[in-house]
Amino acid sequence: MLKKEIIFLVGPTGIGKSAVAISLAKKINAEIVSCDSMQVYRKMDIITSKATPFQRKKVKHHLLGIIDPAKEYDAAKYRKDVLLICDKLFLKGKTPLVVGGTGLYYSILIDGLFSAAPQDKKIRAKLNKQLALKGSAYLYKKLAEIDPQASKKIHPNDVRRIIRALEVYLKTGKQISVLQKNRIGLGREYEIKVFGLNTDREFLYDKINQRVDKMFDSGLINEVSRLFKQKLSKTAACAIGIRQLKGYFDGLYSLSDARGLIQRDSRHYAKRQLTWFRKDKRIQWININKKESPAQVALKIWKKLS
RNA sequence: GCCGAGAUAGCUCAGUGGUAGAGCGCGGCCCUGAAAAGGCCGGCGUGGGGGGUCCGAUUCCCUCUCUCGGCA
């Protein structure tokens, strides 16, 4: 029996994944499942460049605007949500087309996640207190004692990973370096195909800069100032644009400075995304040139599928 | 035209008589429950052109060119 198929479309921010995805989805009877850590938030439409209502009418999109910005969301929740949606889609005879640029979510979805140790707020609070009191070197030394293998992999300054590794140990009594070997990917059960979009760096950066300009034209300031009136979760507050505009609202710099910062941070983000995806040998890369329309790019992918 | 200041990495600038640094940008990388986050690594650049002093000049002197500020 043929395995069910899941198709992935990844690539850096601003390259035009959304439009290509819609065109491709129509060709292959697919529905789109977002793979984006920020587009899951409601009230953050412009800032995260979510697909427009018009686009969403053409093809059904999943996991866009599913939670309030006050709430935390993470990779484990994401994986669970996606697998549920995929089951539903298969029942309807639809193909899931997973589209987005969040490398961690992609990886945890496609390669699996060790499930022994969910986040533990109490343990984390304790570790953060120790961090403040005794410094990162102390925590790193502790990690080296209980899990030498993990400590070799984690840089002494990478406090977040040190804390996570310690949290896992305190919670389960097992080393994260051991647990991490235990993951089951999607490939066992499904037929996986991954496509990546890329283009010249200069062209990409150009597109990113322009997209930020468009965000401002479409009312980014209004959207974000509304957000500042409510509580923002730690995760939601990480969206590029929040911090940068906060600085402007606080009078630290001008609006055009804020725009420049958003553009710069988006470029840096795109660069990190490319680093992440570049090493994944499953990805079939599609290089986009300046004159190609989303439909033409979708056609290229479609040809590779059949 | 005169007076003054300057000309050093893509940008802003620091510094030194023994052939140069920093921040930012830019490039590369890491990534398993905050990930649009967090962390790591990377600087040979005719030191504006020419001449002089000196064992040796980016650093001192002269001159030319250009830029900026002030005065006319």
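Basis of the calculations
- Residues numbered from 1 in each chain as written.
- Chains lettered and ligands numbered in written order.
- Predicted model: local features only at pLDDT ≥ 70, side-chain atom pairs only at ≥ 80, totals over all residues.
- Heavy atoms only, no water.
- Domains from an automatic or database assignment.
- Phe/Tyr/Trp six-rings, centres within 6.5 Å; stacked < 30°, edge-to-face > 60°.
- Lys NZ or Arg CZ within 6 Å of the ring centre and 35° of its normal.
- Buried < 20%, exposed > 50% of the residue type's maximum accessible area, 1.4 Å probe, protein only.
- Core = buried A, V, L, I, M, F, W, Y, C linked by side-chain atoms within 4.5 Å.
- Helix = DSSP H or I, 4+ residues; strand = E, 2+ residues; numbered from the N terminus.
- Contact = heavy atoms within 4.5 Å.
- Near = heavy atom within 4 Å.
- Polar contact = N/O pair within 3.5 Å; in protein donor to acceptor, adjacent residues only side chain to side chain.

Participant: Please explain the domain arrangement of chain A as it appears in this structure.
Facilitator: Many descriptions give the size of an interface as the accessible area lost when the pieces come together. Parsing chain A into structural domains produces domain 1 (4-113 + 184-305) and domain 2 (121-182). Distance from the C-alpha centre of domain 1 to the C-alpha centre of domain 2: 30 Å.

Participant: In this structure, what is going on with the packing of aromatic side chains? I would like to understand it.
Facilitator: One pair of aromatic rings is described through two measures. These are the centre distance and the angle between the planes. Across all of its chains, the model carries seven aromatic pairs by this definition. An aromatic cluster of at least three residues, connected via ring pairs, comprises F8, Y106 and F277. Sitting above the plane of the F216 ring, R259 keeps its charged end 4.5 Å from the centroid. Of note, K279 hangs over the ring of W276, and the distance from its end group to the ring centre comes to 5.2 Å.

Participant: When you look at unusual backbone geometry in this model, what are you seeing that I'm missing?
Facilitator: If a residue is not glycine, its phi is most likely negative; likewise, a peptide bond is most likely trans. A positive phi angle is found at K43, which is not glycine, with a value near 65°. Unlike most non-glycine residues, S49 shows phi in positive territory, near 55°. Given a relative accessible area of 18%, S49 falls into the buried group.

Participant: What is the right way to read the nonpolar core from this model?
Facilitator: One broad trend across soluble globular proteins is that nonpolar side chains are buried collectively. Within the largest apolar cluster, 44 residues are counted, with the highest numbers of intra-cluster contacts made by F8, Y78 and Y106. Sorting the residues of this core by element identifies β1 (4-10), α3 (75-91), α4 (103-111), β5 (190-198), α10 (201-217), α11 (220-227), α12 (242-249) and α13 (255-278) as the ones contributing at least two each. With seven residues, α3 is the single largest residue contributor to this core. Non-local contacts of Y78, meaning those with residues more than four positions away in its chain, are made with S34, C35, L63, Y73, V98, Y105 and L109.

Participant: Quick question: what am I supposed to make of the protein's contact with RNA strand B here?
Facilitator: Residues in contact with RNA strand B amount to 44 residues; listed here are only the nearest, S37, Q119, Q180, T235 and C238. Among the atoms of RNA strand B close to the protein, meaning within 4 Å, 56% are from sugar or phosphate groups. At a separation of 2.4 Å, a sugar or linking oxygen of RNA strand B approaches a polar side-chain atom of R160. Side-chain polar atom of K271 to a base nitrogen of RNA strand B: 2.6 Å apart, as the coordinates give it. Those elements that place two or more of their residues in the surface near RNA strand B are α4, α8 (159-172), α10 and α13.

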